[in-house]
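Chain and residue survey
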Amino acid sequence: MKACVIPIGLLAAILGFSLWAGRYVEVRTDHWIALLETADQAAAAENWREAEAQLQGAYRDWEGSQTFFHTIMAHEGLDEAETLFVGAAAVCRERDDADFHLMLAQLTAQLRLLAETQSASIRNVL
């Protein structure tokens, strides 16, 4: 029985970290999505300065999490989100409401996908 203590402890630690990391990713992506929704509302109201400020705030916060995210996630999904952030910023500078809304919708979907890939669900286990 003593021989099983260390492997079981390691498995419990790995499971605990995985559950925590999944929840952390979910909380962070929910925060960024809220900022993007605020940016979208500002753009719809023709307040482009506020839209840009909200988008930049979300991007700065996003950058702050990238070191950790790159250690626990596939890089392709993160790279796609990065590309969408840059595209949204470019469209925001152009002040194109329709394209900005589309870019934010795509970015939001990508962020939700990132959170989903880290969640503890039967789809991810199988």
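Structure shown above.
Residues numbered from 1 in each chain as written. Predicted model: local features only at pLDDT ≥ 70, side-chain atom pairs only at ≥ 80, totals over all residues. Heavy atoms only, no water.

1. Some words on the overall build of the chain
Per the secondary structure count, the chain includes six helices and zero strands. Secondary structure elements of the chain, listed N to C terminal, follow the sequence α-α-α-α-α-α. Over its C-alpha trace the chain gives a radius of gyration of 18 Å, far above what one expects of a compact globule, namely 14 Å for 126 residues. Its C-alpha atoms give the chain principal-axis dimensions of roughly 65 × 25 × 20 Å. Partitioning the intrachain contacts of the chain with sequence separation of at least 6 by distance along the chain shows that 68% fall at a separation of at least 24. Just so you have it, the chain exposes about 7,800 Å², and 60% of that area is on carbon and sulfur atoms. For the chain, the distance from the average position of its 9 positive side-chain charges to the average position of its 18 negative side-chain charges is 9 Å. (Helix = DSSP H or I, 4+ residues; strand = E, 2+ residues; numbered from the N terminus. Rg over C-alpha atoms; globule rule 2.2 N^0.38 Å. Contact = heavy atoms within 4.5 Å. Areas by Shrake-Rupley, 256 points an atom, 1.4 Å probe, with all protein chains shown as cover. Lys, Arg positive; Asp, Glu negative; His and termini not counted. Charge placed at Lys NZ, Arg CZ, Asp CG, Glu CD.)

2. A short note on unusual backbone geometry
Unlike most non-glycine residues, E46 shows phi in positive territory, near 65 degrees. Classification of E46 as exposed rests on a relative accessible area of 55%. Located in the positive-phi region is R95, a residue other than glycine, with phi close to 60 degrees. Mapping R95 onto the fold places it in the loop between α4 (75-94) and α5 (97-118). (Buried < 20%, exposed > 50% of the residue type's maximum accessible area, 1.4 Å probe, protein only.)

3. Some details on helix α2 (residues 48-64)
Its 17 residues place the ends of α2 24 Å apart at the C-alpha level, agreeing with the 24 Å of an ideal helix rising 1.5 Å per residue. When α2 is considered as a whole, its buried residues turn out to be W48, A51, Q54, L55, A58 and W62. Seen end-on, α2 carries its buried residues on one side only, within an arc spanning 130 degrees. For α2, exposure combined with an orientation more than 90 degrees from the buried face picks out R49, R60 and G64. Lining the buried residues of α2 we find α1 (2-44), α3 (66-72), α4 and α5. (Expected span 1.5 Å × (residues − 1). Arc of directions from axis to C-beta.)

Remember that the coordinates give geometry; whether it matters functionally is a separate question.
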